[in-house]
Each structure stands twice: as structure tokens, then as C-alpha cells.
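Report on the structure
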Amino acid sequence: MSDSPRPLTGAPPLGERLIEAALAGCAAISLLTSAAIVLVLAQETFAFFHAVPITSFLFDTEWTPLFERARFGIWPLVCGTALTSAVALLVAGPLGVLAAIYLAEFATPRARDRLKPMIEVLAGIPTLVYGYFALRVVTPCLALVIPDLQGFNALSAGLVMGLMILPTVCSLGEDALHAVPQTLREGAVALGAGRLATLFLIVVPAARSGLLAALTLGLSRALGETMIVAIAAGQQAHLTLDPRSPVETMSAYIVQISLGDAAAGTVAYRTIFAVGAALFALTFATNALAQRWIAAARRVG
Amino acid sequence: MISAHTDRAFEGELRLLRERLQRMATRADEMLADAVRALVQGDAELARQTAHRDRAVNQDEVDIDEQCLAMLARWQPMASDLRLIFAASKLASNLEQISDLAVNICERADELATGGFRGPYTFIPHMSEVGREMLRDAMTAFLTANTDLAQEVLTRDDEIDDLHHQVVSTQTERIRAGDIDVRQGIAVQNVARFLENVADHATAIAEHAIFMVHALDVRHAGKRER
Amino acid sequence: MTAPRLHVHKLRAGFGGKEVLHDLELEIAAGTVTAIIGPSGCGKSTFIRTLNRMHELVGGAWVKGRVLLDEQDLYASDVDPVLLRRRVGMVFQKPNPFPSMSIRDNVVAGLRLTGTLSRGQTEAIAERALRQAALWDEVKDRLDDPGAALSGGQQQRLCIARALAVDPQVLLMDEPCSALDPIATARIEDLIHSLRGRYTIVLVTHSMQQAARVSERTAFLLRGELVEVDDTRKIFTKPNDRRTEDYITGRFG
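This write-up is about the structure you can find in this document.

Cut-off values and rules
- Residues numbered from 1 in each chain as written.
- Chains lettered and ligands numbered in written order.
- Predicted model: local features only at pLDDT ≥ 70, side-chain atom pairs only at ≥ 80, totals over all residues.
- Heavy atoms only, no water.
- Axes fitted to C-alpha atoms, helices over the stretch in contact; angles between N-to-C directions.
- Helix = DSSP H or I, 4+ residues; strand = E, 2+ residues; numbered from the N terminus.
- Left-handed = near helix turned anticlockwise from the far one by under 90°.
- Contact = heavy atoms within 4.5 Å.
- Patch = residues over 30% accessible without salt bridge, like charges linked within 9 Å, V, L, I, M, F, W, Y side chains within 5 Å.
- Areas by Shrake-Rupley, 256 points an atom, 1.4 Å probe, with all protein chains shown as cover.
- Salt bridge = Lys/Arg side-chain N within 4 Å of Asp/Glu carboxyl O.
- Buried < 20%, exposed > 50% of the residue type's maximum accessible area, 1.4 Å probe, protein only.
- Core = buried A, V, L, I, M, F, W, Y, C linked by side-chain atoms within 4.5 Å.
- Pairing = 2+ DSSP bridges.
- Buried area = accessible area lost by both parts, 1.4 Å probe.

1. Brief notes about the packing of helix α4 (residues 109–124) of chain A against helix α6 (residues 154–178) of chain A
All names here are of chain A. Where α4 contacts α6, the axes come no closer than 7 Å and their chain directions differ by 140 degrees. In this structure, the crossing between α4 and α6 has a hand that is left-handed. Every residue of α6 that contacts α4 at R112, K116, I119, E120, L122 and A123 is listed here: L163, L166, P167, C170, S171, E174, D175 and H178.

Shown next, in the form of C-alpha cells:
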């Protein structure tokens, strides 16, 4: 072995610096894109609020930007979004979590390996197909049970949206349950706990933060979902919480306008940016809230 | 024979410990030989020189005890290793006392030579031979885990006792007959007692050898049971 | 002589076609601490898990022979493993307090999980178990804190308290100190000394020094075979079997 001192200083080789720069560039692209989006959104939104006072946007109860007497109250759209998303979450939450529990705790490894891809196929179906499924199959079927169900309604759009986000909730939920250390299950079993007691008193609480994360991700997908609601929920902005009636969600409204119902540059056209900003704020708030719950659950955990 | 330890550093320490014990035993044995030679030849100078070699043996004892303590602390040895180290520390003490006895013999040799005493030292050289042989055999028994040899050393203790009694009675006879001075006679008797003590330590070493191999404490068992 | 608390007779166990334990024969007296030592993979953990029927939870696991708890065969067809585990508690290698529960809830978790916690008993049971586990003084002012907020050694004592709260007769400990520092280890060992007599403890350990310190009897397992079981003092000063000697002095393969 040589005892001559090897240098401790010196610049990293050129190749290494090039790779570093390339990687930084890739990261910068996504950052710049996000920044550009926010910038455009902010600019157009400001332009909109120049024409329409923010108070009427926040406190008016009607959304009729294309009427002659245009009203710009955002709440009908928020309600539509909240309603369809709530229905979707009511479907996907329990179903997804229970399916995840089945897959993680009860299914044999072979059954799990077969079932999980089948559930994940649901995530691969184009949302357009879901939309027509809601309109042509689910609504007529529901109409047999609920007589005063309207042709376009929040209920069937929400139900189908629930199916759409089911794989997300189920798959992430299963991962969360799977991540609960085996030692906790063993600890419970060694105390003489039965299978269900172990599951519901130990495993599910331990997976709480992961399950919450799964539900949040499902919810954000529902909030942003466009095609299903645009097709099956109708495009009438009503301030209502009745799932049997047609509603318009924020995303569906944006699609409607972008498809050419308003001329570019008009106030009506600018509404889509204001609605987009509002949707952005809503998802952002949802995520932030969920992050706090998850963090709290994790602190306990 | 015991197979090698997985930890070679520990194996090395064990080897070093055995080597130290062997070296210390050789030193004590040579001191004993020179002490008795100085006595028999009336060589006061040799007696004084030999007595000084005590220091090296004392240092050996300190080194061995330190090593034993360090090994206990560092490796927490078990079973045969634990017994070996435990016995090694006791062995060092026995060997150190043998060297003290050699010093005692040197002092008597110096005293007798200076006093112009010229023997005869009937039985003393023979006693020394037997005692040293017991010491060497006990060490061999310990270092090679040979319990048969150790048992054999134990039986020779009686022989030494007999020789001791003979020296005492011979010297007493001479004193009574006025052949020798009382103090000189007692000095020779003392030498015999020292050699008898050497044999006791050799016996103890043999007992440690048996303990080390069989974990069997034979020290206070009756002689017949041995 | 009274019957042993645990009597392992011609015990074989394994997974699928592989036999891990071969014909074990062992008696464990009530109130004693028995240490199981042996190299990794010798079947120590499998063995201890046959004593509370945790072994069979793994797919393909099987057991033959008998394990008698107070002369009753654990593997008899009418024995409910869930009820058995309330009499034979277990502490694991890594402390595993339930993360979603407070310290107090962790202690009474066994009773709650088995639906045997009566109202108003929680405080008394939690205090008794925490005192037994020598943890009471350290946590009495923060029983509502999450169990996971404790240090590793405290967590392990919490797990011991949790096991004691269901009032078992036998306590199985599977390398309970392997994740702990020497001081925390010393606390657990001190605890084992204080539990001796009241509970029958079976301790699997990688540390021979630990076995030597806390147990009265030590069993040496090698490749699924019980090579030797004897008084701990005897095992660590003068084992009978050459394989035991080689293992405990570090002359192993």
C-alpha cells in the first residue's frame, strides 16, 4: 500500500457536471411549466376581476355568464363539483377500503395477484366511456327506482365517478394496509386477539394515514374529473344539493366554454380562467387539509 | 486437542497467555535449580545473583494477571476458555510463590556459605530434583490438558513429604550429635521445608490442570479419592 | 417433584417439506427462566413460537408431537389457540407498541382486543402492569402520550407490560434486547429477574452473556436439535457436549 497522500481537493469531472446540469434542466422544465400556468391563470383571472367585481363572484348565487343579464356567482359550480365528488367518495371510500382490506388481509396471494390487475383495469377505461355508461345505463336503471330522477343528474355521474376512482383508493389503500408491519399483527395475535379484532383495532388504525392519503387522491381525481360530469350530469349551473337534479361542475363548465360557446377575449371567455383558478384553489385546499390530517395521523402513529 | 477459536485475535491472546505461563515457569524452575546449586556448592555470589532474578518473575505475574483481566473484560470467555484464564491467574500466583521460595533458599545458601558451612546436604539435591520435576510435569499437564500426568504429579507429593521428614530427622540427629551448629542445622531444615512448599505449589498447579480440563475441583478432596 | 409447567415431548415442526425442529424433548418448571441459545437458523424462534402456536400462522407450517401446558396438550383438537395465547404471552425482537394507541391503551390492548376489559378497570390494570414492567415511574404522568413516543427500551418494557396485563402464566421472549443499548438491556434483564417465580419465562437470545446472566436453565439448539439442556452455571462453565463447548467458546464452524 502506498503511503503517499492522495489529494482531498479538486473539481468533479466534466461528465459528472454535465449530467448534473442535464438533470437540473429536466427539473426546471416542470417547474417552469407550472410557473407559466400559474402566471397565465393569474393574469387572465385578474383581467376577469377587472370586469366583474370579486364580491359578486363570491356572493352571487347564480351563474349565467352567457345570458344577457350575466351573473357570475361561483357557488352553483362549486356545489355541482362538491355534490358529484361527494357521491363519488361515498361509493369509492367504503368500497375501496373494504376491497383493500379483503385484498390485503384475506385474499390468498394467488387471488390477490389475479384480482388486483382486474380492479386496476377500471382505471384504464377512458372517462368518455364512463360518461356514456352513466348517461345510457346508470341513469335509466336508477330511474326505475327513483321516479323523479332527471335525465341528467349528479347522482349517476357521481356513482360512476366513484367507480372510476375505486381502483385508486383500493390500490393505494391496499399498499397502506400492506405496509403495516407484520410485527403489529403478531403483537395483537400474541395477546390472544382474534382476526377481526386485530384487523379493525390494530391494522386499520395503523394504516390510517395511508388510507386517508388514498381517499384524498381519489377525491382530487373526482374534483378534477371532466368528461363524466360533462356528459352525464347536465350542463346547467343550479345552486342545489339535490343529487337527482342536473348540475354543472367547474370542470364541465370550462370544457363547455373552451369548446366555443364564447368568443375569445370576452368576459364570458375569461370566466374559464376565473373558474380554473377557483378549481385550483379548491383542490389545493383539499390537498392541504388532507396533508394535515395525514400528518396528524402519522404523528399519532 | 481443542480446535481453533473463530476469533483469531482471541486465539492469539490465548497462545500468548500460555507462552507467558511457560516462560514464567521456566524462570522459576531455573531459579530453584541455581538456588540449590548455590547452596550445595557454597557459592554465596551465585545465591545473591539468583535472588535478584525474583523481579522478572514478579513482573511475569503482574503481566499475566493484567492479561487475564483484559481477556475477561474484552471477550467474556465461557466454559474451557473461562476456566483456562481463571486457572492461569492462579498459576501465576503459584509460580510467583515458588520464586519467593527460591529466594528464601538463596538467603539460606548465602548465610550458610558465609558461615563456612559445607554440608553435607543429604537428600536436599534429591528433593530439589523431585520438586522441580513435579513443577515441570504439572506445567506440561496444564498446557497440554493432560490430566493423567496431573494425577501422577499429585501422587508424588507423598514422596516429597517423606524426603522432608528425612531431612529434618537427619539434621536433628546431627545437631544432637554436635556435628553441626544448631542454627545451621535449622537453616538446612528450612530449606527442606521450602522445597516441600515448592512441591505443594506444583501440586496446586496440577490440581488447576485437572480443574481446567474437567471443571472438577480436586483441591480439598481426600487423597484417596484422587 | 411436581409436573413441569411446560413439557415438550417429541416435538417436530417445520414448513412444508422442511423439518426445522427434530424430536425436541424439554421440561420447563413453573416460575423459572429458561434461555434458548444457538446459532442463527438453529430453530430457536420456530421453537419458541410452537409454545404459543404462533408458528402455525405462517403458510405451510406444521407441528408434530406434543407441548403440554400444565399437562394439557396445546395441540389437542379442542384447544383454541386464541385462548391459549392469553395464558402464554409473548414479547418480540423489535418493540412493537401499537402506534395508534396511547401508553395506557397499549397496556390494556390485550384485554380490549379480547373484549375482556371491564369498565372502570383500565386505570388499575394499567398501573399494575406498568409497575410490574418497571415502567410506571417513567410514564405515570403521560399515560395519554402515544406509545411510540417512548424510547426503544421503554417501548420494550411497554410491550412486556402489555403482555403481563392479560395475566399469562408463561412469558415467551424472542430476543427482546437485540434492538436495545446496554443500559436498556440491563433494565430488561433486571425486570426478568423480578418476574422470575411469578411467571415462567422462556427467553430466546443471541447473547450468551445474557443467557448466563438471567436464566437458571439453558438449552442449546443446533440445527433443530436440542443438543444439551442443563443448569445455566453448568452450561457456561462445563458443558457436557462438545458442540455446546465449541459454540459457547466461539469455536463454531
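2. Side note on the arrangement of the chains
The pair of protein chains exhibiting the most contacts, out of two pairs of chains in contact, is chains A and C. Left apart from each other, chain A and chain B have a closest C-alpha approach of 23 Å.

3. Quick word on a nonpolar patch on the surface
All names here are of chain A. Together, Y102, F106, L196 and F200 give the surface a local cluster of nonpolar side chains, amounting to about 400 Å² of exposed area. At the level of secondary structure, the elements contributing two or more residues to the nonpolar patch comprise α3 (75–106) and α8 (195–206). Along the polypeptide, L196 turns up in helix α8. Classification of L196 by relative accessible area gives exposed; the value is 54%.

4. Comments concerning the nonpolar core
Residue and element names in this part refer to chain B. Counting 69 residues, the largest nonpolar core has L95, I124, M139 and F142 as the members making the most contacts within it. Put simply, the parts of the chain that give this core at least two residues each are α1 (8–41), α2 (44–52), α3 (54–75), α4 (79–114), α5 (124–143), α6 (147–155), α7 (157–177) and α8 (182–214). Considering every element that reaches this core, the biggest residue donor is α4, with 15 residues. Sequence-distant contacts of I124, defined by excluding residues within four places in its chain, comprise V36, L39, V167, V188, V191, A192 and L195.

5. Section: the sheet that holds strand β3 (residues 33–37) of chain C
Residue and element names in this part refer to chain C. Strand order across the open sheet formed by six strands is β6-β7-β8-β3-β9-β10, with mixed pairing between neighbours. Of all the strands in the sheet, the pair left with one neighbour each is β6 (88–91) and β10 (225–231). Going from strand to strand, the sheet's axes swing by 20 degrees on average, the running direction of each strand aside. With five bridges connecting them, strand β7 (residues 170–174) and strand β8 (residues 200–204) associate as parallel partners. Bridging across to β8, L171 finds its partner in I201. In this fold helix α7 (residues 152–165) packs onto β6 and β7, with an angle of close to 170 degrees to the strand it touches most, β6. The strands that helix α8 (residues 182–195) touches are β3, β7 and β8; relative to β8, the one it contacts most, it runs at about 150 degrees.

6. Some words on the pattern of salt bridges
All told, the structure shown has 42 salt bridges over all chains when counted by the stated rule. Between B:R156 and B:D137 there is a salt bridge, with the nearest N and O atoms lying 2.6 Å from each other. Here B:R156, found in the loop between α6 and α7, pairs with B:D137, found in helix α5; they are 19 residues apart in sequence, far enough to count as distant. When the shortest N-O distance is used, the salt bridge between C:D246 and C:R242 registers 3.2 Å. Here C:D246 and its partner C:R242 are both found in helix α11 (residues 242–248), four residues apart, which amounts to about one turn of the helix. Several salt bridges converge on common partners, so that one network encompasses B:D29, B:E129, B:R132 and B:R136.

7. With respect to the sheet that holds strand β5 (residues 72–73) of chain C
Residues and elements named next belong to chain C. Ordered in space as β2-β1-β4-β5, the four strands form an open sheet in which the pairing is antiparallel. The open sheet is flanked by β2 (18–28) and β5, the only strands paired with a single partner. With eight bridges connecting them, strand β1 (residues 6–15) and strand β4 (residues 61–69) associate as antiparallel partners. Within β4, the residue paired with F15 across the bridge is A61.

8. Considerations on the interface of chain C and chain A
Across the contact, 26 residues belong to chain C and 20 residues belong to chain A. Summing both partners gives a buried area of about 1700 Å² for chain C against chain A, and 70% of it is carried by carbon and sulfur. Together, C:P99, C:S100 and C:L113 form the three largest contributors to the area buried by chain C at its contact with chain A, with a combined 33%. Counting the contacts that link chain C with chain A gives one salt bridge. Note that A:E186 and C:R49 form a salt bridge whose closest N and O atoms lie 2.6 Å from each other.

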